[in-house]
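Fold and geometry: a report
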Amino acid sequence: MPPTPDERYLALALKEALAAFDEGEVPVGAIVVLGGQVIGRGHNRREALGDPTAHAELLAITAAANHLGDWRLEGADIFVTKEPCPMCAGALINGRLARLVFGAWDKQAGCCGSLYQLCRDPRFNHQLEVAGGIMEIECQELLQRFFRRRREG
């Protein structure tokens, strides 16, 4: 069975996560897509940049906003290998993205379905469509491999 469009885009985000893995960062990758075109990419760079906000989602959103010359990413979708944290979920709402597709659920910090559902909360002035658990096994395995390697030292 051929991959769905969501799986194809999430596979690109997984390539970003692999880049983070190779750099010794927690392997999370993200891409932003508008009209079938990738307009932003990012992977975790917290260690490299010494910046607690250098999450894959924020770097991809910044790249997309720079590409468009506008902070409003209306109509854009973001594909992330791991469920976004509260900071990143807030950025998705503030950036006015249309849709979030993510791979691995995050039961410790996920705020798009696991602990909270910030992206669908009607109390905010913007909500996103959310689809989680897409290519979950592949995304989860990369995270597990990273943390296993880190424990083994």
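An account of the accompanying structure is given in this report. Everything numeric here is computed off the predicted structure, so don't read it as measured data. (Residues numbered from 1 in each chain as written. Predicted model: local features only at pLDDT ≥ 70, side-chain atom pairs only at ≥ 80, totals over all residues. Heavy atoms only, no water.)

What follows is about the nonpolar core. Grouped together as the largest cluster of nonpolar side chains are 44 residues, with contacts concentrated most on Val32, Ile78, Leu92, Leu97 and Leu100. Where this core is concerned, the elements lending two or more residues are α1 (5-22), β1 (29-34), α3 (56-68), β3 (77-82), α4 (86-94), β4 (99-104) and α5 (136-152). A per-element tally of this core places α3 first, with six residues. With sequence-adjacent residues up to four places away left out, Val32 is seen in contact with Gln37, Val38, Ile39, Gly40, Ala60, Ile61, Ala64, Ala76, Asp77, Ile78 and Leu97. (Core = buried A, V, L, I, M, F, W, Y, C linked by side-chain atoms within 4.5 Å. Buried < 20%, exposed > 50% of the residue type's maximum accessible area, 1.4 Å probe, protein only. Helix = DSSP H or I, 4+ residues; strand = E, 2+ residues; numbered from the N terminus. Contact = heavy atoms within 4.5 Å.)

Every buried residue belonging to α4 is among Cys88, Ala89, Ala91, Leu92 and Ile93, and all of these are buried. Summarising the contacts, the buried residues of α4 are in contact with α3, β3 and β4. Immediately beyond the C-terminal end of α4, within one or two residues, lies Arg96, with a positive phi of roughly 65°.

Right, let's get into the layout of surface pockets. Volume-wise, the largest pocket comes out at about 480 Å³. Surrounding the largest pocket, 23 residues form its lining, Val26, Lys82, Asp106, Leu143 and Phe147 being those nearest its centre. The element contributing the most residues to the lining of the largest pocket is α5, with seven residues. (1 Å grid on protein atoms, 1.4 Å probe; cavity = no way out; pocket = protein on both sides within 12 Å on 5 of 7 lines; lining within 4 Å. Points joined across faces, edges and corners; volume = space filled by probe spheres on them.)

Turning our eyes to something else, we now look at unusual backbone geometry. Its identity is not glycine, yet Arg96 carries a phi of approximately 65°, on the positive side. Within the secondary structure, Arg96 sits in the loop between α4 and β4.

Attention now goes to the environment of Ile31. Assignment of secondary structure puts Ile31 in strand β1. Ignoring sequence-local partners within four residues, the contact set of Ile31 consists of Tyr9, Leu12, Ala13, Glu16, Val38, Gly40, Arg41, Ala60, Asp77, Ile78 and Phe79.

The five strands lie next to each other as β2-β1-β3-β4-β5, forming an open sheet whose pairing is mixed. Both outer strands of the open sheet, β2 (37-43) and β5 (129-131), are each paired with one neighbouring strand and no more. The average angle at which neighbouring strand axes cross in this sheet is 15°, direction not considered. In the sheet, β1 pairs with β3 via four bridges, with the strands oriented antiparallel. Considered in β3, the bridge of Ala30 is made with Val80. (Pairing = 2+ DSSP bridges. Axes fitted to C-alpha atoms, helices over the stretch in contact; angles between N-to-C directions.)

This brings us to the packing of aromatic side chains. Enumeration over the complete set of coordinates arrives at four aromatic pairs. Where Tyr9 meets Phe79, the ring centres are 5.1 Å apart and the plane angle is 40°; that geometry is what we call tilted. A residue pair is termed long-range when its members are at least 10 positions apart, and Tyr9 in helix α1 and Phe79 in strand β3 qualify at 70 residues. Relative accessible area serves as the criterion here: at 1%, Phe79 is assigned to the buried category. Here the aromatic rings of Phe21 and Phe146 are separated by 6.1 Å at their centres, their planes lie at 70°, and the arrangement is edge-to-face. (Phe/Tyr/Trp six-rings, centres within 6.5 Å; stacked < 30°, edge-to-face > 60°.)

The subject of this paragraph is the packing of α3 against α4. Between α3 and α4, the least distance of the axes is 9 Å, while the angle of their chain directions is 25°. In terms of orientation, α3 lies roughly parallel with respect to α4. Handedness of the α3/α4 crossing: left-handed. On α4, the residues touching Glu57, Leu58 and Ile61 of α3 are Met87, Cys88, Ala91 and Leu92. Per-class residue counts for the contact of α3 with α4 are six nonpolar, no polar and one charged. (Parallel < 35°, antiparallel > 145°, perpendicular 65-115°, else oblique. Left-handed = near helix turned anticlockwise from the far one by under 90°. Nonpolar A, V, L, I, M, F, W, Y, C, P; charged D, E, K, R; others polar.)

Distances and angles like these do not, on their own, reveal function.
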